[in-house]
Amino acid sequence: MAKQITLQTVKDRIYQASAEGVEKRLEDIAYYATHGALTGGGRGDGVDTGAYVTSFSIVRAGQGGGRSRTSNNKPTGQDPAQKKQEGYQQLLGDIQGLDLKQMLEDERTKVTLRNRSPHARDVEDGWGVASPGYAVFAKVKRKFG
């Protein structure tokens, strides 16, 4: 007669280790989106009012919403390092709000990085030949996709 045991703790450890790996990867993506990819575009550091960099969100795929900041009535010439850090911290909060272990167990692991700033398309694609875009999403996809 055969004997067996089910090792739930091993399964739990696998999901936990996987969730920690996914969390680290999402943190890397969040940092790159707010710091690394938001350079170039012919305009320096990519921060003027901070509206764009603080409009990033990480949500479960298919979930609506996310942050949307407008530059209207915001002072220009904001400290780029401070605004990038603020955007990054918001994304870390989004990541912490995801139940990654449960998402892995449910095999529903897709997440979406989005920017709902009213001028997100202009920042991404630019304002014509004289002012090319930053291509943030293209850079993120190329590095992490």
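Think of each chain on its own: its residues are numbered from 1, step by step along the sequence as written. pLDDT decides what is reported in this predicted model: residues at 70 or higher carry local features, side-chain atom pairs at 80 or more are listed and counted, and totals for whole chains, interfaces and linings draw on all residues regardless. Each side-chain value is worked out from all heavy atoms of the structure, with water and hydrogens disregarded.

**Some points on the nonpolar core**
Among buried residues, the Ala, Val, Leu, Ile, Met, Phe, Trp, Tyr and Cys ones that are joined through side-chain atoms within 4.5 Å form a nonpolar core. Whether a residue is buried, partly exposed or exposed follows from its accessible area with a 1.4 Å probe, protein chains only, as a fraction of its type maximum: under 20%, in between, or over 50%, in that order. Judged by nonpolar contacts, the single largest core of 29 residues is most densely connected at Leu38, Leu113, Val136 and Val140. Only DSSP runs of H or I reaching four residues or more are called helices, and only runs of E reaching two or more are called strands; each is numbered from the N terminus. Listed by contribution, the elements that provide at least two residues to this core are α1 (8–36), β1 (56–60), α2 (80–97), α3 (100–105), α4 (120–125) and α5 (136–144). For this core, the element with the highest residue contribution is α1, accounting for seven residues. Those residues in contact with Val136 that lie beyond four places of it in its chain are Ala33, Ala37, Leu38, Tyr52, Phe56 and Glu124. Throughout, a contact is declared for two residues whenever any of their heavy atoms are within 4.5 Å.

**Thoughts on the pairing of β1**
Taking burial as the measure, the five residues of β1 include four buried ones, the bulk of the element. Two strands are said to pair when DSSP picks up at least two bridges between them. Both β1 and strand β2 (residues 111–115) contribute to a ladder of five bridges, which runs antiparallel. In the sheet register, Val59 faces β2, and the bridge partner there is Thr112.

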